[in-house]
Amino acid sequence: MTTSSRWEEFKASMQPRIKEWKFMFKRVQESPLSLVGIAIILGFVILSALSPVLAPPPYADPFIIPRDEEIAKLSPLPTPPTIEHPFGTTDQHYDIYYACIWGTITAFRIGITTVMVALMIGIIIGVAAAYYGGLADEALMRFTDIIIAFPGLILAMALVIAIPTVFTLNVSFILVVIFGLTTFFAFITRARMKIKVILLIIFIAVLASVLLYPLNLRFSLNNLDKVLITLWLIGWPSYARVIRGEVLRVKNEDYIEAAKAAGTSDLGIVIKHILPNAIYPIIIMASLDIGSIVLTAAALSFLGLGAPPNYADWGQIIQRSRNWIGRELIRYMHVFLIPGIFIFVFVLGWNLLGDALRDVLDPTLRRR
Amino acid sequence: MTEERLLEINGLVLNFYTYEGIVQALDGVNLYIRDGETLGLVGETGCGKSVTSLSTLVLIPSPGKIEGGRILFNVQGKKVDLLKQSDEHLRTIRGKDISMVFQEPRVYLNPVYTVSSQISEVLVKHRKEEFLKKALESLKQERRKKGLKGSTFEMNLYERMLKNPNSLTNKILSKIPGSQRRFKLEVQREVVRILRGMGIPDPERVAKMYPHELSGGMAQRVVIAMALACNPKLLIADEPTTNLDVTVQAQILSLIKRLKSMFKSSVLYITHDLGVISEISDRVAVMYAGNVVELADVYELFKKPLHPYTRGLLESIPRPGKPLKSIPGTVPSLLNPPSGCRFHDRCSYAMEICRKVKPAFTEVEKDHFVACNLYGGSK
Amino acid sequence: MSTLLHIKGLKKYYPIIGGIFKRKMADVKAVDGVNLTIMKGECFGLVGESGCGKTTLGKTIIRLLTPDAGSIYYNIPEDILEEIDKLEKENPRSSKLRRIREEYDLATFKGRKLRQLRRKMQIVYQDPTTSLDPRMLVKDIVAEPLVAQGLARGSEAKKMVVDMLERVGLSEKHLCRYPHEFSGGQRQRIAVSRALIVRPEFVVLDEPTSSVDVSVRAQLLNLFKDLGKDFGLTYMFVSHDLSVVEVISDRVAVMYLGKIVEVATTEELFKEPLHPYAQGLFASIPIPDPTRRRERPPLTGDVPSPVNPPSGCRFHPRCQSVTDVCRKEEPQLVDVGNGHLVACHVISSELGK
């Protein structure tokens, strides 16, 4: 097959997809608010891409907010905006402008990684529960119910405090458990003899090597990492629930049975048929959630459980205005107002974008 | 021959404005229904049967727009164009003069109300006066039998309501629990009577059921009962038996036939099933791609179909022992319908003129209309 | 003509789960003890009203559903079948019987064996709008069985797909389109090519023409006939549309509430149905000829619920020639001559006289 014919084939297979995209684009164009949302998020993306230019980092770690310690010693109080510090400084003379610019990256990091991980956990649990049903469904969904039953912010606070700063992962133990279970299941199900033997050998090898060289991994976590882990752990249940419902709907469609009749394996059916048809609602949810996750992270920071004091994070800056709640709040309002506006616009942007995605992806609104 | 036309649709044009372009759903539909007859409207999926029926009620689904034509309906001896009536006037016509039965009966029954409360709602809405009178009469008789004179609160209330149906005091008084006992009883009795008329066994029990407890055939009977509750002049039935089993379908068809002659209504019966059409209709309109291509008496149509599409349709009915014939090609997209006669690219008689000229809807023989260029000159 | 399928006492129940503890409340007896034989190369029609279990029976035979009881012998030599009969009479629990069943009885198949069976048995669904994945291109839809069975991939698979599409009247230019871009008839052709691309021997056609238009229906029926001849297929044609069944089938079974009530050749059955239900069903079809209208509906009442089927003969509450024995005893399929089987007490008693 020549390259040109390959290209032709590729072009031909892309054509219907391009048609769909054009249709989506047209739908987005029809609602100006979603365009605003896209513009806002694009603006933030550009901002974070340009942050080394807009606010050149003085230290090796760009997320450490620069401060003039000499001036801070003279006056620990916040200073209002000046030419040198366009957004003013907090107490201890941290530069708000710098914090806001680099805080954008922090916000993206918190929002997007959290949503990704939560989506992954949610999809695995939701799909497994719905596709296998019965006892697996019961167990997994009651577990999600338990997590949902806790008020989110309070659970998050408890978890942030509960997660140890230094974390030792006993890799040997985990390896032995994983291989042990796999081998066990291979033996109780009717797998091929060859596979059983290979698994048994691997298991023995792992056991021996682990006994000889115990493996331990040590992680040290800063507060922001803890917030991220916390958000991963509390974010997934809503996705799991929604995708379970979607999978239950899709599962009964004829084309799933047709795929079974074609001889496609369970995993193949899930990946090729169920997920593409069930995933859109939770993608919409996820884009709407990025905003609220950033809000939760900011709330944790505000409560003093988030990023460390010198870290470029919007919520952390707002936290620094806590000391002036009361008489002097108006005087030093730039400390909370400016990062507050950043958070507000960021969350608004994601919400509008989520609406736009819903307009585009909602299967009930598809033409035909 | 007296030819009282109850409904007449002339040159109805309806377009849907969608993302992909203008869907020319109806392209000059012509048909008429006489008093007391059943017109079968037959055609394939997407030919515009259902859109035609919805336009008759001036209920056009969302991106659609009527671009031309007239829908003349005979209201009390006067012909009015339904497309020019106010919404308010249309509401009184819908349900009372024209009512509709759909393919899926359960969608049109509210799942949280019993059968009897749904039917009585329709009855009270359109025939309130009649029941008030009945209730009053029966109360009076009862008192006369007992030798009592004067009147009770209930009777006074009914009299007041009859005199002044819109007064607010009466409305408030009628809300007192128990104040309308006899009236409700009369309505209930009528509901049971109607259900019995629908051939429903044990109507008292069925009246107390909720829609999900009914079988498909039973639910369709209830919907028909609701549609006929106010004795409409025109019943539009949009594939009412498509989702039913053949044995139940046979029951419903004979029910509609019986009710039609009982109520002296006209019926517009929409279906894709030629068997059903031949069973129920007096005359048949055949639709293809947004046009009525042939309109004729049912015996005549099945004996002597004139339009090539009608012929193809009749030939594609499977008959054992004969080779299966079919119309080549597929139904055209109405986004981009063929020029001239919309059937020309599937027609084996197509001439040069068919590509260019849209054939006129002409009366080739008495009461036999065809839209085809083959017969255009014969008039 | 040799037999392809022997179906014995096949049962498929759907549990109704309810209550707080999610216990089984009752069973929907969709297929309740069906005995059938299907010949090699014939088109076997299965008719009945909705909810009588005809689709469930079709899907259970090709093992898309697991039967609750009974056996399905596929392509089994006569002598082994006789041996099974003998063993079942003597000792239904013998290990020899179990071994034979594990080899031949589709009802016992699991895992890999079941997936390999999909090469031999395929299905075409009623509604191609729901049986084709809306987010897949035609080439991927049609190639799916090939890829899943590991029969072909890449350009080889593509060539087979194109061949198959051309065989059903589509072409290469349709490869890269979504199903929603096609008309109903074309979609059903895509579904047919997906079913036939692995060259199966037995195909269940589950009301394949009920969702397409009259003018296209004849095209599809002709296609099924041609493909059946060319590929040497055995069909099971499930439908409620009797006129279609009459045209395409060689033999027809009538099903009522999970039971087969009559089996005969198409000609015999359509000329003279014996079972009262079959008679009523056949007389209920509206004939597209206004000169042959019916006066009254031939059958009254609805189909009873398959959760609580009537005792004895399941048709007795609607039957006009019901006798006492009908209410108590369940009739068995009896051969009234020429392989014409009927399950009716009245007819078998007449035959006895």
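Quick caveat, the model's predicted, so the values are computed rather than measured.

J.: It is not clear to me how the overall build of chain B should be interpreted in this structure. Could you clarify?
T.: From N to C terminus, chain B includes 13 helices and 12 strands. Each principal axis of the C-alpha atoms in chain B carries an extent, and together these give about 85 × 50 × 45 Å. By residue count, 54% of the 379 residues in chain B fall in the buried class. Taking all contacts inside chain B whose residues are at least 6 apart in sequence as the whole, residues at least 24 apart take part in 66%. With the model as given, the accessible surface of chain B reaches about 17500 Å², and the carbon-plus-sulfur share is 53%.

J.: Could you clarify how one ought to interpret the sheet that holds strand β1 (residues 3-18) of chain C in this entry?
T.: Whenever strands of a sheet pair, they do so through backbone hydrogen bonds, lying parallel or antiparallel. Residue and element names in this part refer to chain C. Sheet architecture is open: 3 strands sit in the order β2-β1-β4, paired in antiparallel fashion. The open sheet terminates on both sides in strands that have one partner only, identified here as β2 (23-39) and β4 (69-74). Each strand of the sheet is rotated relative to its neighbour by a mean of 20 degrees, with strand direction disregarded. Sitting on the sheet, helix α2 (residues 78-90) touches β1 and β4, and the angle it makes with β1 is about 50 degrees.

J.: Even after reading the chapter, I still don't get the confidence of the model for chain C, so can you show me in this structure?
T.: Detailed reading of the predicted coordinates is not advisable wherever pLDDT falls low. Averaged over every residue, the pLDDT of chain C is 87; the share at 70 or more is 99%. Model confidence for the complex: the whole-complex pTM is 0.80, and ipTM, which rates the interface, is 0.84.

J.: Sorry, what's going on with the interface of chain A and chain C here?
T.: By convention, interface size is frequently given as the accessible area that disappears when the constituent parts associate. Counting from both sides, the interface comprises 30 residues of chain A and, opposite them, 30 residues of chain C. Of the roughly 2700 Å² buried between chain A and chain C, counting both surfaces, carbon and sulfur atoms make up 49%. Across the chain A-chain C interface, the total number found is 1 salt bridge. Summed over the shared surface of chain A and chain C, the number is 14 residue pairs in polar contact (both at pLDDT 80 or more). Of all the secondary structure elements, the ones that give two or more residues to the side of chain A that touches chain C are α1 (3-30), α10 (254-262) and α11 (266-278) of chain A. A per-element tally of the side of chain A that touches chain C places α10 of chain A first, with 8 residues. When the residues that make up the side of chain A that touches chain C are grouped by side-chain class, the tally is 10 nonpolar, 6 polar and 14 charged.

J.: Would you explain the interface of chain B and chain C in this entry?
T.: The partner chain C presents 34 residues to the 38 residues of chain B that form the contact. Taking both sides of the interface into account, the surface hidden between chain B and chain C amounts to around 3200 Å²; carbon and sulfur atoms contribute 55%. Across the contact surface, chain B and chain C share 9 residue pairs in polar contact (both at pLDDT 80 or more). Of all the secondary-structure elements, those providing two or more residues to the side of chain B that touches chain C are α9 (246-263), α10 (274-280) and α11 (298-303) of chain B. For the side of chain B that touches chain C, the element with the highest residue contribution is α9 of chain B, accounting for 8 residues.

The rules behind these values
Residues numbered from 1 in each chain as written. Chains lettered and ligands numbered in written order. Predicted model: local features only at pLDDT ≥ 70, side-chain atom pairs only at ≥ 80, totals over all residues. Heavy atoms only, no water. Helix = DSSP H or I, 4+ residues; strand = E, 2+ residues; numbered from the N terminus. Buried < 20%, exposed > 50% of the residue type's maximum accessible area, 1.4 Å probe, protein only. Contact = heavy atoms within 4.5 Å. Areas by Shrake-Rupley, 256 points an atom, 1.4 Å probe, with all protein chains shown as cover. Pairing = 2+ DSSP bridges. Axes fitted to C-alpha atoms, helices over the stretch in contact; angles between N-to-C directions. pLDDT = per-residue confidence, 0-100. Buried area = accessible area lost by both parts, 1.4 Å probe. Salt bridge = Lys/Arg side-chain N within 4 Å of Asp/Glu carboxyl O. Polar contact = N/O pair within 3.5 Å; in protein donor to acceptor, adjacent residues only side chain to side chain. Nonpolar A, V, L, I, M, F, W, Y, C, P; charged D, E, K, R; others polar.

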